[in-house]
Amino acid sequence: MYALRTKKINPITTATSSNNIANMREEQTCTNPSCFFCNMKEPDSSLRRSGILNCFEEIPLTDNREHVLVLSSLWHIAMTHPDDPEIWLLRDQNMYIPYYAAHVIGSYTMNKAEFAEMAVESGVIPPLMELLRGKISWVEQRVAVRALGHLASYEKTFEAVSVYEEEVVNQAMKLASTCLEEVYVEFVGVKNIDKRLKYHRDLLTRGVGDSEMEDRKAEEWASQLQCWSIYLLNCFACKDRSLNLICRQTFLKDLCDMWGGLVNHASPAWAGLVRILCYSKAGRKSIAESKEIMENLCNLSRSSDDWQYMGIDCLLLLLTDQYTRYRVLEKIALFLIDLAELGSLGDRSNLGEAITKSLLLDYKESKLKFKNQKIQKALQDIWNLKAERRKEKLISEEKLEERRVLVNLVKQEANHVFWLGEIEEALSKYTDALDLCPLKLRKERMVLHSNRAQCHLLLRDPDSAISDSTRALCLSNPANSHSKSLWRRSQAYDMKGLAKESLMDCIMFMNGCMKAGTNKRVKIPYYAARMISKQMDATWLFATARSKITSSQVRKEQEISDGHHDSNNDELLQYGEMTRMMMENKECLSGLSTIIEEPNSLVKEGSWRKVERARRSNKAFLARLT
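Residues numbered from 1 in each chain as written. Predicted model: local features only at pLDDT ≥ 70, side-chain atom pairs only at ≥ 80, totals over all residues. Heavy atoms only, no water.

### A word on the confidence of the model for the protein
On average, the protein scores 82 in pLDDT, and the residues at 70 or more come to 80%. When the criterion is pLDDT under 50, residues 584-626 qualifies, and its contacts beyond four places in sequence or with other chains add up to 21 contacts. (pLDDT = per-residue confidence, 0-100. Contact = heavy atoms within 4.5 Å.)

If you want it as structure tokens, here you go:
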């Protein structure tokens, strides 16, 4: 006893023993039969599975903060051991956990900054980055990029995402550029349903859809993956971060095709990112240098797309910057002048006046700088338009009515000539009527521009047809609502091969027809339905991916056929060589037969050398044949 009392006690050992005793007591005091961690320690596999199943059944029924630990453990097990049979009774069911975990994070952090802060504190970014890198598949990348986009949209959580800034931006750019092709190759393009990943099919349709429904859902998810990747880039671009990566010309060229397809109803996609880039000096410089972006912005500004105003905003931002103004003015002046009479567009008013003001900045200097006559004429026309607006403020109502009557007379003459088939003369008269028509008579000017667009169509001049129909649509109230002009511009865009712009106008034309229909049963024009069918196939979200895959397959088949063709050519060449040799040795063979039949005559003529030469040649020929 004395020895025990005087023995030196190790404090570390004592503390460890105390912790072990406390843990043992805690384990002994756990009376919850559905405790996930207790069930995981159960040595009997059947009891362990039953306990885990009870735990999962009770999770939705109770509100307990300890569930976070359970889900965190499940996440870890699913990421490290996706086929662990101890967790799920069915094989491969763990594959659903990362998807739904990232989906829940994205949903809860969409509009709640406090939830985003809690998620970051819980350490969700590293596993989300694993999914973004493509550790599992494109399905998980979709929800991961969505969650990261929401986390990056808040000031307090942005810095946590920016720790991986370069990798996040590069991955988002890569996803936006390649996701459509990947989804097509891995899912939509796989026509044999049995070869598609089962858990992808179950996630897409919840197990109750056919292949057609799977394809439609895959198209929607692919569009979301692309648009959410662009949104993640927006979060960095609006803070002037990683512009050197985002403004690469190769990426900007690909960006033009990222519009999300018809299944995208909410995201501005490429147009939204370009507008954010135009708010920074470095971004405007890169945009002005991209030929593809400028062409798409010009086409967007003269379309009936929901994001038309974004295209106009970008062009105005480029015009007001002295560094980019003279780089882009020559490209965009002919497009913006068609919008000079635009009134309001959505919640934006007096857009036409803003466009006129931007075009006429440094008017004299601009005219001297550009030698292109079309640009000089466009600037002169916009100057005259501005002057005419000022003059018409002083015109009396009587004078205005006289001009209206005169314009109608000239328009009737033009209509008469048009129906006689004199299209060029009708075009000239419509132009005369427009010159006489005051700017205040917007409805009359709208009809004249639309009729002149029809003349340009018949004369196979799509550029002029687009210009006039755009001016007519700017004069309509509300904007882009004149059905005839929409249909005429749709045809003109189709002639130029601009399928998306043609499709948008045609859809708007169909909407106008349906709204104008007085009967409950609206008859859709056949020609419009045919145009929509044509352009929908051309603008299908996976059209480019399908074209690449088809071209690749055709190329491979061509190489195979070329290989067969080459082997056939070799056989033909070999056959031709044999034939030539046979023809060359024909005389030798006939000589041999002559020698055999009449040896004495050849001997008499001293032809033994000839006989020997024929024999050797024939022997070599036979050897080559064999």
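### Considering the packing of helix 20 (residues 322-336) against helix 23 (residues 373-392)
Following both chains from N to C, one finds helix 20 and helix 23 inclined at 55 degrees, their axes separated by 10 Å at the closest point. As far as their axial angle goes, helix 23 and helix 20 are oblique. Of the two elements, helix 20 crosses helix 23, and the hand of that crossing is left-handed. Contact residues: helix 20 offers Glu 330, Ala 333 and Leu 334, while helix 23 offers Lys 374, Ile 375 and Ala 378. Taken together, the residues that form the contact of helix 20 with helix 23 break down as 4 nonpolar, no polar and 2 charged. (Axes fitted to C-alpha atoms, helices over the stretch in contact; angles between N-to-C directions. Helix = DSSP H or I, 4+ residues; strand = E, 2+ residues; numbered from the N terminus. Parallel < 35°, antiparallel > 145°, perpendicular 65-115°, else oblique. Left-handed = near helix turned anticlockwise from the far one by under 90°. Nonpolar A, V, L, I, M, F, W, Y, C, P; charged D, E, K, R; others polar.)

### Quick notes on the environment of Gln 141
Locating Gln 141 in the fold gives a position in helix 9 (residues 138-152). Among the residues examined, Gln 141 registers a relative accessible area of 6% and is labelled buried. Sequence separation between Gln 141 and Tyr 99 is 42 residues; the distance between their C-alpha atoms is 8.7 Å. (Buried < 20%, exposed > 50% of the residue type's maximum accessible area, 1.4 Å probe, protein only.)

### Comments concerning empty space enclosed by the protein
Within the structure shown, the criterion is met by 1 cavity of 30 Å³ or more. Size it by volume and the largest cavity reaches roughly 40 Å³. Lining the largest cavity, in full, are Trp 270, Asn 296, Leu 300, Ser 303, Asp 305, Lys 500, Glu 501 and Met 504. Broken down by secondary-structure element, the contributors of at least two residues to the lining of the largest cavity are helix 18 (291-301) and helix 29 (499-516). A total of 3 residues in the lining of the largest cavity trace back to one element, the largest contributor, which is helix 29. A breakdown of the residues in the lining of the largest cavity according to their chemical character gives 3 nonpolar, 2 polar and 3 charged. (1 Å grid on protein atoms, 1.4 Å probe; cavity = no way out; pocket = protein on both sides within 12 Å on 5 of 7 lines; lining within 4 Å. Points joined across faces, edges and corners; volume = space filled by probe spheres on them.)

### Observations regarding a nonpolar patch on the surface
On the surface, Val 104, Tyr 108, Phe 115 and Met 118 cluster together into a nonpolar patch covering about 390 Å² of accessible area. When residues of the nonpolar patch are traced back to their parent elements, those giving at least two are helix 6 (96-108) and helix 7 (113-121). (Patch = residues over 30% accessible without salt bridge, like charges linked within 9 Å, V, L, I, M, F, W, Y side chains within 5 Å. Areas by Shrake-Rupley, 256 points an atom, 1.4 Å probe, with all protein chains shown as cover. Salt bridge = Lys/Arg side-chain N within 4 Å of Asp/Glu carboxyl O.)

### Quick notes on the environment of Trp 307
For Trp 307, the position within the fold is in the loop between helix 18 and helix 19 (308-320). Here Trp 307 falls in the partly exposed class, since its relative accessible area comes to 21%. Measuring from C-alpha to C-alpha, the distance between Trp 307 and Pro 268 comes to 6.4 Å, with 39 residues separating the pair along the chain. Apart from the residues lying within four places of it in its own chain, the contact partners of Trp 307 are Ala 266, Ser 267, Pro 268 and Leu 300.

### Concerning the packing of aromatic side chains
This model, assessed by the stated rule, comprises 13 aromatic pairs. Judged by centre distance (6.2 Å) and plane angle (80 degrees), the ring pair of Tyr 184 and Trp 540 falls under edge-to-face. One end of the pair, Tyr 184, is in helix 11 (residues 165-188); the other, Trp 540, is in the loop between helix 30 (526-538) and helix 31 (543-584), and 356 residues separate them in sequence. Note on Tyr 184: relative accessible area 11%, which makes it buried. We classify Trp 540 as partly exposed; its relative accessible area is 26%. These aromatic residues form a ring-pair network of at least three members: Tyr 99, Tyr 100 and Trp 221. Positioned above the aromatic ring of Tyr 326, the side-chain terminus of Arg 325 is 5.9 Å from the ring centre. (Phe/Tyr/Trp six-rings, centres within 6.5 Å; stacked < 30°, edge-to-face > 60°. Lys NZ or Arg CZ within 6 Å of the ring centre and 35° of its normal.)

### As for unusual backbone geometry
The linkage connecting Asn 477 with the following residue, Pro 478, adopts the cis geometry, with an omega of 0 degrees. Note that Pro 478 resides in the loop between helix 27 (462-475) and helix 28 (483-496). Even without being glycine, Asp 240 reaches a positive phi, approximately 55 degrees. Looking at where Asp 240 falls in the secondary structure, it is placed in the loop between helix 13 (211-237) and helix 14 (243-246). Taking relative accessible area as the criterion, Asp 240 reaches 51% and is therefore assigned exposed. The phi angle at Arg 460 is positive, at roughly 60 degrees, despite the residue not being glycine. Topologically, Arg 460 is positioned in the loop between helix 26 (442-458) and helix 27. A relative accessible area of 63% means that Arg 460 is categorised as exposed.

### Thoughts on the side chain of Gln 224
When you line up the elements, Gln 224 lands in helix 13. A polar contact is formed between the side chain of Gln 224 and the side chain of Arg 142, at a distance of 2.8 Å. (Polar contact = N/O pair within 3.5 Å; in protein donor to acceptor, adjacent residues only side chain to side chain.)

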